Amino acid sequence: MLLTILLIALLSSAAASFTANSAPSSNRDRTANLKMINNVVIAIAMEAEASPFVNSLNLQRDTSFFPSQTPFHAFTGKIGSCNLTVVTNGKDAVHDTGVDNVGTVPAAVCAFLTLQKMSLENNPAHLLINAGTCGGFKRKGAEIGDVFLTTAVANHDRRIPIPDFVPYGIGRIASTSVENLASHLDAKLGVCTTGNSLDFHEVDSKHMIDNDASVKDMEAAAIAWASEIWNVPHFGVKVVTDIVDGDKPTQEEFFENLGTAAQSLQEALPKVIEFVCDKKHDEL
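Once a new chain begins, its residue numbering starts again from 1 and follows that chain's sequence as written. In view of the model being predicted, local features appear only for residues whose pLDDT reaches at least 70, and side-chain atom pairs are presented and counted only at 80 or more, with totals across whole chains, interfaces and linings using the full set of residues. The side-chain numbers reported here are obtained from all heavy atoms of the structure, hydrogens and water having been left aside.

Chemist: Describe in detail the packing of helix H3 (residues 104-120) against helix H7 (residues 220-229), supporting the description with residues and values.
Modeler: Convention adopted: a line fitted to C-alpha atoms gives each axis, helices being fitted over their contacting stretch, and angles between N-to-C directions are expressed from 0 to 180 degrees. The helix count covers DSSP runs of H or I at least four residues long, the strand count covers runs of E at least two residues long, and both are numbered beginning at the N terminus. Relative to each other, H3 and H7 sit at 25 degrees, their axes nearing to 8 Å. With respect to H7, the element H3 is oriented roughly parallel. Here H3 and H7 pass one another in a crossing that is right-handed. Counting all contacts with H3, which are made through Thr 104, Ala 107, Ala 108, Ala 111, Phe 112 and Leu 115, the residues of H7 involved are Ala 222, Ile 223, Trp 225, Ala 226, Ser 227 and Ile 229. Taken together, the residues that form the contact of H3 with H7 break down as ten nonpolar, two polar and no charged. With respect to orientation, any angle under 35 degrees is reported as roughly parallel, any angle over 145 as roughly antiparallel, any angle of 65 to 115 as roughly perpendicular, and every other angle as oblique. The crossing is said to be left-handed when, going from far helix to near helix, the turn is anticlockwise and less than a right angle, and right-handed when the turn is clockwise. Here, residues are in contact when the closest pair of their heavy atoms is within 4.5 Å. Gly is placed with the polar residues, together with every amino acid not listed as nonpolar (Ala, Val, Leu, Ile, Met, Phe, Trp, Tyr, Cys and Pro) or charged (Asp, Glu, Lys and Arg).

Right, dumping it as structure tokens:
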């Protein structure tokens, strides 16, 4: 009996220690993050979107950053006084396709593990930027090549018609305010709606309109969710590759403009980093 009591006590102590050292804080107060920004994570889903930026800054791959079982990649470096960690979702090995791991599942896991590692190493991220391509809505004034900064994110395909689950399904999360940055870049502001399909169907249309979406992607809401868990301020930098409510098939327009959009990201992201570094969040 005494041995059982001692074993329970030891397990309880270990569990408490694990929780204290590895679990994200549930405290929604972000005052710890409202400091000068000099440690930034940039989460990018696709290799083609990330490579021009990573190569132009000569960022170095850190092969020890993620657990070896994961497909994710991390690259580190600096712009001026700002420490950068760029993470990508890697390639699919589960289904043996070798394509980019796009969508909400790899995006959420990658972002969560990134912020967890940095927190546990007493090197917490001050800001997470989700950078990548997106579809734009002409009804909201989007054009090919436009740079959008997110004001909020939401899901358009997480439909759970049970009253208490509806807000969870939509999952609307406000982005950190970046109006000054938008003026500096001459970028547009708007809501990014997220879903796990590239194409556009009428069943999603009502929900995209309800979300007041200016742009559409496959990761933003998931990355914002992970950032919220770790109390890290976040926003998106999205370059329009296709017009969702236009005449061309989405997949054709996407591949037609992907290279140009990746180049636009390469040009925009250093300007974003230079602007946000050494500023407080309320100055963005």
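Chemist: Quick one: what's the story with the pattern of salt bridges, residue by residue and with numbers?
Modeler: By convention in these notes, a salt bridge is any Lys or Arg side-chain nitrogen within 4 Å of a carboxyl oxygen on Asp or Glu. All chains considered together, the criterion is met by eight salt bridges. Close ionic contact of Lys 91 with Asp 100 constitutes a salt bridge, the shortest N to O distance being 3.3 Å. Each residue's exposure class comes from its accessible area (1.4 Å probe, protein chains only) as a fraction of the maximum for that residue type: buried when under 20%, exposed when over 50%, partly exposed otherwise. Since its relative accessible area comes to 32%, Lys 91 is described here as partly exposed. Residue class for Asp 100 comes out buried when judged on its relative accessible area of 16%. In this structure, the salt-bridge partner of Lys 117 is Glu 121, at a minimum N-O distance of 2.8 Å.

Chemist: Got a sec to walk through empty space enclosed by the protein? Specific residues and values, please.
Modeler: For each structure, a 1 Å grid was placed over the protein atoms alone; sets of points admitting a 1.4 Å probe that cannot get out are labelled cavities, open sets with protein on both sides within 12 Å along at least five of seven lines are labelled pockets, and lining residues have an atom within 4 Å of a point. Grid points are joined across faces, edges and corners, and a volume is the space filled by probe spheres set on the points. Inspection of the entire model under this criterion finds two cavities of 30 Å³ or more. If you add up the space inside the largest cavity, you get close to 60 Å³. Considering the residues around the largest cavity, the lining is formed by Leu 128, Asn 130, Thr 150, Val 153, Ser 175, Ala 220, Ile 223, Ala 224, His 234, Phe 235 and Gly 236. Contributions of two or more residues to the lining of the largest cavity are made by strand E5 (127-136), strand E6 (147-155), H7 and strand E10 (234-243). Split by residue class, the lining of the largest cavity holds six nonpolar, five polar and no charged. For the second largest cavity, the calculated volume is near 50 Å³. If you trace the second largest cavity, you find it lined by Ala 43, Ile 44, Ala 45, Val 87, Thr 88, Asn 89, Ala 107, Cys 110, Ala 111, Asn 130 and Ile 223. The biggest single contributor to the lining of the second largest cavity is H3, with three residues. Here the lining of the second largest cavity is built from residues that sort into eight nonpolar, three polar and no charged.

Chemist: I'd like to hear about helix H2 (residues 47-56), residue by residue, with values.
Modeler: Because the α-helix completes a turn every 3.6 residues, residues three or four places apart line up on one side. Here H2 has its buried residues at Glu 49, Ala 50, Phe 53 and Val 54. Across the axial projection of H2, the buried residues extend over an arc of 105 degrees, all falling on one side. Within two residues after H2, Asn 58 carries a phi angle of roughly 55 degrees, on the positive side. The reported arc concerns the directions from the helix axis to the C-beta atoms and nothing else.

Chemist: Got a sec to walk through the nonpolar core? Specific residues and values, please.
Modeler: Core analysis: the largest hydrophobic core is formed by 34 residues, its most contacted members being Val 40, Ile 42, Ile 129, Phe 235 and Ile 273. Sort the elements by how many residues they give to this core and helix H8 (residues 250-276) lands first, with seven residues. The residues contacting Val 40, other than those within four sequence positions of it, are Cys 82, Asn 83, Leu 84, Thr 85, Leu 127, Ile 129 and Ile 273. Working definition of a nonpolar core: buried Ala, Val, Leu, Ile, Met, Phe, Trp, Tyr and Cys residues. They are joined through side-chain atoms within 4.5 Å. Among the nonpolar cores identified, the runner-up in size contains 20 residues, and Phe 65, Val 87, Ala 108 and Met 118 belong to it.

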